[in-house]
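As a plain string of letters, each chain reads:
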Amino acid sequence: MKNVRPIRIRALIASGIALAIGCVYPVVFIRWIVPLYATCVAAMAAAAFLLFHALFAAKGNQKPLVPALLGAAGYTAVLMAVTPLVNNAIFGAVAPWGSVLVNTALDLCFWLVMLRRIRKATGEPLRAAPLICALLVLAGLPVSLITAAPNVKATGFIILDNDENYRERIDSIDIYENTLDTAVPQTQVYDRVTAHLKAPLPEGKTKKKVLVLGWDGCRADAMAMRDHREAVDALLADGGKAYIAYCGGANYPAPITQETATVEGWTTMFTGMWGDGHGVTGFDDVRATKVRSFLTTAVEDGLIDSSAFCFSWDGHLTTYADEIAYDKANGVNAAWLFTEGEEGGEGDEGTFEKAMAELRDPNGADLLFTVFEYCDYYGHCFGFWNDAPEYAEAFRRSNETGAALIDAVKARPTYGEEDWLILITSDHGGHIRSHGGDTLMERMMFIVTNKEG
Ligand SMILES: [Zn+2]
């Protein structure tokens, strides 16, 4: 008769690990706490290793270490690969809760099969402890659900965010000059900037200047967060106006002609064209466009002396690779100021510092375009919704940095002689934890301007 005691102990330890994972995994995944998520995956692999080790030992294998390691590695790889596939098929790509449920179900199946096989191999029933622990894993799930409750609304398990209540929220915002039905096209960013640069200088002014604050992934209904609207309110207080705008190539309810995504959005604003003009239309379609942006053309046409683009998303380096090389080769005074670093973190800090340096420099760029990733980054992590505290904080930070840059414009010694157009805008909205589709939440954005004409 085999000595089943060590086998039982391994199964018990594995059960304990699984219980711990069952308790924390859902909340860790949904709130996307990366170090804890990595720990969970490692613990999951360790528990699988113990089960495989117990199984091979029970089968009489004298050296179960290597096959157990291979078994655990294989199981973890399959689990990581299969979970998103099943999640996509059942719940759709943007359902983190679906991922948690699928993962838990697969893990539990694996668990029960392994215990059954170990029981069979040892020839005698294992004590009930491992099974009880496995059941406790299921009990851990509700604990995690409750812990994650504040985020449930924002992550789409209960989808409270839909086109209908989006309309209501937009209607409750008092700063917009227009409605969802009369939204203006995103191409207006290009039109407004070029019209400003081409218009004659007002009396007493000697130089045309432009600052664009781009807030990646900021939804139009974020403006309902009045307490966080510092930068927007600063422009409105100067006599500015706010408009609801749309991306995606056509206004609702017409079908979108380009994905409501980053490359498409900013390229449309840079060129004044939709995808049929600049050639970038697919989701995350990060590829070079042959069409030059106003960062280059406005300098070449002599409308301004210099331009600068401050950003931290490296996809822009690909999209404008041709143009960056062209500017360099032809001595066009357009600076492409990329900061490497976490989006929403040091990447955005770098964007802020570089933009600030341009504004403090008397000879800084005449057309300064910035893209901050706060809203997009935290939207993808925690949900694009005002009720997600992280998204609200991202909006607040966008406004805080924006207001500091607007103050820096006004603090320029030459401010009195300069004719400034300041715009705040966004490339797309978002829904649950993603964007690219045709819901109102994804396709509406906004243009706030400090002045007309
Ligand atoms: Zn974006």
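Before going into details, it helps to say that this report is about the structure given with it. The numbers attached to residues start from 1 for each chain and follow its sequence in the written order. The predicted origin of the model limits local features to residues at a pLDDT of at least 70 and limits the giving and counting of side-chain atom pairs to 80 or more, whereas totals for whole chains, interfaces and linings rest on all residues. By convention in this description, side-chain values take in all heavy atoms of the structure and omit both hydrogens and water.

1. Digging into the overall build of the protein
Threshold: In this text, helices come from DSSP runs of H or I with a minimum length of four residues, and strands from runs of E with a minimum of two, each type numbered from the N-terminal end. Any residue under 20% of the maximum accessible area for its type is buried, any over 50% is exposed, and the rest in between are partly exposed; the area is computed with a 1.4 Å probe on protein chains only. The contact criterion used throughout is that any non-hydrogen atoms of two residues lie within 4.5 Å. Here the accessible surface of atoms and residues is derived via Shrake-Rupley with a 1.4 Å probe, and residues count as covered only by protein chains that are part of the display.
Assigned secondary structure in the protein consists of 18 helices and 8 strands. Split into buried and exposed, the 453 residues of the protein put 54% on the buried side. The long-range fraction of contacts in the protein, counting pairs at least 24 apart against all pairs at least 6 apart in sequence, stands at 75%. Total accessible area on the protein is roughly 18800 Å²; 59% of this is exposed by carbon and sulfur atoms.

2. Focus on the sheet that holds strand β7 (residues 418-425)
Where we set the bar: DSSP bridges decide pairing: two strands pair if at least two such bridges lie between them.
Read across the sheet, 8 strands follow the order β1-β3-β8-β7-β2-β6-β4-β5 without closing on themselves; strand pairing throughout is mixed. Strands at the two margins of the open sheet, each flanked by one partner only, are β1 (184-185) and β5 (334-338).

3. Some words on helix α15 (residues 346-360)
Basically, it comes down to this: By definition here, a helix of n residues has an expected span of 1.5 Å times n minus one.
An ideal rise of 1.5 Å per residue puts 21 Å on 15 residues; α15 measures up with 21 Å between its terminal C-alpha atoms. Every buried residue of α15 is accounted for by Gly347, Asp348, Gly350, Thr351, Ala355, Met356, Glu358 and Leu359. Where α15 is buried, its residues meet β4 (307-311), β5, β6 (367-372), α16 (374-382), α17 (389-410) and β7.

4. As for the coordination of the zinc ion
To be explicit about the condition: Coordination partners: N, O, S within 2.8 Å of the metal, 3.2 Å for Na, K and Ca; water not considered, so apparent gaps in a site are possible. All geometry calls rest on donor angles, where a four-donor set with angles between 85 and 135 degrees is tetrahedral, four- and six-donor sets with opposite donors more than 155 degrees apart and all others between 65 and 115 are square planar and octahedral, and all else is irregular.
Note on the zinc ion: its protein donors are Asp216 (OD), Thr262 (OG1), Asp427 (OD) and His428 (NE2). The metal-donor distances range over 1.8 to 2.2 Å. If you look at the zinc ion, its 4 donor atoms make angles of 91 to 133 degrees with each other, and the shape they trace is tetrahedral. In the primary sequence, the donor residues of the zinc ion line up as D-x45-T-x164-D-H. Note that Asp216 is positioned in the loop between β2 (207-215) and α9 (230-237) and Asp427 in the loop between β7 and α18 (440-443), a separation of 211 residues in sequence.

5. Observations regarding the packing of α9 against α17
Relative orientation and spacing of two packed helices are given, respectively, by the angle between their axes and the distance between those axes. So the rule is basically this: Only C-alpha atoms enter the line fits that serve as axes; for helices the fit covers just the stretch in contact. Angles between N-to-C directions range over 0 to 180 degrees. Orientation categories follow fixed angle ranges, with anything under 35 degrees roughly parallel, anything over 145 roughly antiparallel, 65 to 115 roughly perpendicular, and all other angles oblique. Throughout this entry, Asp, Glu, Lys and Arg are counted as charged residues, while Ala, Val, Leu, Ile, Met, Phe, Trp, Tyr, Cys and Pro are counted as nonpolar. The remaining residues, Gly among them, count as polar.
The interhelical angle for the contact between α9 and α17, taken along N-to-C directions, is 40 degrees, at an axis separation of 6 Å. On the basis of the axis angle, α9 is oblique to α17. Listed contacts from α17 to Glu230, Ala231, Val232, Ala234 and Leu235 of α9 are Asn399, Glu400, Gly402, Ala403 and Ile406. Classifying every residue of the contact of α9 with α17 by side-chain character gives 6 nonpolar, 2 polar and 2 charged.

6. Digging into the side chain of Thr319
As for its position among the elements, Thr319 is in helix α13 (residues 315-319). For Thr319, a relative accessible area of 0% puts it in the buried group. Among all residues touching Thr319, those that are not within four sequence positions of it are Val263, Thr267, Val286, Arg287, Ala288 and Thr289.

7. Some remarks on the pairing of β6
Burial analysis of β6 places 6 of its 6 residues in the buried class, the great majority of the element. Burial of the side chains of β6 extends over both faces: Leu367, Phe369 and Val371 are buried on one face and Leu368, Thr370 and Phe372 on the other. Across 6 bridges, β2 lies against β6 in parallel orientation. From the neighbouring strand, Val210 faces β6, where its bridge partner is Leu367. Where β4 lies against β6, 4 bridges are found, and the strand directions are parallel. Paired with Ala308 across the two strands is Leu368, which belongs to β6.

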